[in-house]
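What follows is the residue order along each chain.
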Amino acid sequence: MAKKKPLVVVTRKLPDAVETRMRELFDTRLNVDDRPMTQAELVEAAKTADVLVPTITDKIDTAVLSQAGDKLRLIANFGNGVDNIDVPTANNRGITVTNTPGVLTEDTADMTMALMLAVPRRLVDGIRAIEQNEWNGWSPTWMLGRRISGKRLGIVGMGRIGTAVARRAKAFGMSIHYHNRRRVASGLEEELEATYWDSLDQMLARMDVISIHCPRTPATYHLLSARRLKLMRPEAYIVNTARGEVLDETALVRMLEAGDLAGAGLDVFEQEPAVNPKLMALTRTGQVVLLPHMGSATIEGRVDMGEKVIINIRTFMDGHRPPDRILPSML
């Protein structure tokens, strides 16, 4: 007798190639309309599924997990960050959690560098000037920005993405500095000619650009607090392609409005998908470039994420430890 396929509920539309493969391998319920599920729908999915495949915008909290059925044994997150999932509660209920690390590293690092160039070099201002027919020809003093070559980059979180950003920034002639929970291998430091700062406060006070690459955890909520932002130099820029909650957005707005920071490039926000209206207003001054959480949005990246989800499900269903399992101790 053929082995019964596990029921896999997918909360959002995934690339066609991924969905096709999932339907071949599993009894798969897809979200064809790509409408975000309500909490009630997530609860229903958790009650019926063997495997739940949520995305980073689906809140799989205690309220959902407490109503999960006995069948649910795996939450295969379509995303690297797992701050959308109550991992300790899932673990206590015997539900394994996996993610999709590594595949988004290069894409997110590319977008970080794009923001790092866009804000100081006033790319959006230039585009707006063309669109509004404000350009009257080249001038020695018009649309002046700041170069990034020779500037000091402070990376907050030297994991995969932070390291990939460091490599790119070094190629642009930037000096690499970083703060991390632990120092990286000496060989990597030598390769990047990177300076380690045990004190985040001291690093912030000395950098020209700060780039955030740490995960969202209880310990990193508002890690870049009002107090810490005030340590930065008025000529400095800040870039965030990690998680919005790591940065105190209200304090950032106040500092930008007061001229206490030169600018910011943000791909993530505290209240996504809502964007602070004051941040929106600052885009018109040229101080801020905002993107709609698209740092990892490449076709290749999304397909690679889907393939990781499939491998995690198949490995788990075959009775083995999935390669990308997340434990509470890892958070």
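Residues numbered from 1 in each chain as written. Predicted model: local features only at pLDDT ≥ 70, side-chain atom pairs only at ≥ 80, totals over all residues. Heavy atoms only, no water.

Novice: Please give an account of the pairing of strand β1 (residues 7-10) that cites residues and values.
Specialist: Side-chain alternation along β1 places Leu-7 and Val-9 on one buried face and Val-8 and Val-10 on a second face that is also buried. Inspection of the sheet shows β1 paired to strand β2 (residues 27-29) by three bridges, in the parallel sense. Bridge assignment links Leu-7 to a residue of β2, and that residue is Asp-27. For the crossover from β1 across helix α1 (residues 16-25) to β2, the handedness is right-handed. The sheet contact formed by β1 and strand β3 (residues 51-53) spans three bridges and is parallel. Residue Val-10 lies in a different strand from β3, and its bridge partner there is Val-53. (Buried < 20%, exposed > 50% of the residue type's maximum accessible area, 1.4 Å probe, protein only. Helix = DSSP H or I, 4+ residues; strand = E, 2+ residues; numbered from the N terminus. Pairing = 2+ DSSP bridges. Right-handed = clockwise from strand over helix to strand, strands pointing away.)

Novice: Quick rundown of helix α2 (residues 39-48)? Include the residues and the values.
Specialist: Every α-helix winds through 3.6 residues per turn, so residues three or four apart in the chain are directed the same way. Of the residues making up α2, those classed as buried are Leu-42, Val-43, Ala-45 and Ala-46. All buried residues of α2 project into a common sector of 160 degrees when viewed along the axis, lining one side. Looking at the buried positions of α2, the neighbouring elements they touch are β1, β3 and α3 (62-65). (Arc of directions from axis to C-beta. Contact = heavy atoms within 4.5 Å.)

Novice: Tell me about the pairing of strand β10 (residues 237-240), residues and numbers included.
Specialist: Across the two faces of β10 the burial is the same, with Tyr-237 and Val-239 and Ile-238 and Asn-240 all buried. In this structure, β10 lies alongside strand β11 (residues 263-266), joined through four bridges in parallel fashion. Residue Val-239 lies in a different strand from β11, and its bridge partner there is Gly-265. For the crossover from β10 across helix α11 (residues 249-258) to β11, the handedness is right-handed.

Novice: With reference to specific residues and values, describe the packing of aromatic side chains.
Specialist: Following the criterion strictly, the structure yields one aromatic pair and no others. Residues Tyr-178 and Tyr-196 carry aromatic rings whose centres are separated by 5.1 Å and whose planes lie at 45 degrees to one another, so their mutual orientation is tilted. On the criterion of sequence distance, the pair formed by Tyr-178 in strand β7 (residues 175-179) and Tyr-196 in strand β8 (residues 195-196) is long-range, its members being 18 residues apart. The class for Tyr-196 is buried, based on a relative accessible area of 19%. (Phe/Tyr/Trp six-rings, centres within 6.5 Å; stacked < 30°, edge-to-face > 60°.)

Novice: Summarise the environment of Ala-226; cite the residues concerned and give the values.
Specialist: Mapped onto the elements, Ala-226 comes out in helix α10 (residues 226-229). Residues Ala-226 and Tyr-178 lie 48 residues apart in sequence; the distance between their C-alpha atoms is 20 Å. Residues within four places of Ala-226 in sequence aside, it is in contact with Asp-248, Ala-251 and Arg-254.

Novice: If you had to explain the side chain of Asp-208 to someone new, which residues and values would you point to?
Specialist: When you line up the elements, Asp-208 lands in the loop between α9 (200-204) and β9 (209-212). A polar atom in the side chain of Asp-208 sits 2.7 Å from the side chain of Arg-233. If sequence neighbours within four positions are ignored, Asp-208 has contacts with Lys-151, Arg-152, Arg-233, Glu-235, Ala-236 and Tyr-237. (Polar contact = N/O pair within 3.5 Å; in protein donor to acceptor, adjacent residues only side chain to side chain.)

Novice: Which residues make up the nonpolar core, and what values do they have?
Specialist: Grouped together as the largest cluster of nonpolar side chains are 31 residues, with contacts concentrated most on Leu-224, Leu-229, Ile-238 and Leu-252. Elements that contribute at least two residues to this core include exactly α9, β9, α10, α11, β11 and α12 (277-283). The element best represented in this core is α11, accounting for five residues. Leaving out residues up to four positions away in the same chain, Leu-224 has contacts with Val-156, Leu-204, Ile-212, Leu-229, Ile-238, Val-246, Leu-247 and Asp-248. Among the nonpolar cores identified, the runner-up in size contains 29 residues, and Ala-164, Ile-176, Leu-188 and Val-289 belong to it. (Core = buried A, V, L, I, M, F, W, Y, C linked by side-chain atoms within 4.5 Å.)

Novice: Describe the pattern of salt bridges, listing the residues and the values that go with them.
Specialist: Evaluated as defined, the whole model comprises 19 salt bridges. The residue Glu-19 makes a salt bridge to Lys-13 at a minimum N-O spacing of 3.2 Å. Salt-bridge contacts for Lys-308 lead to Asp-324; the nearest nitrogen and oxygen are separated by 3.6 Å. Pair noted here: Lys-308 is in helix α13 (residues 299-317) and Asp-324 is in the loop between α13 and β13 (325-326), with a separation of 16 residues, a long-range link. With relative accessibility at 23%, the residue Lys-308 sits in the partly exposed group. What you see here is one network of salt bridges that share partners, running through Arg-152, Asp-208, Arg-233 and Glu-235. (Salt bridge = Lys/Arg side-chain N within 4 Å of Asp/Glu carboxyl O.)

Everything listed here is a matter of geometry and, on its own, says nothing about what the molecule does.
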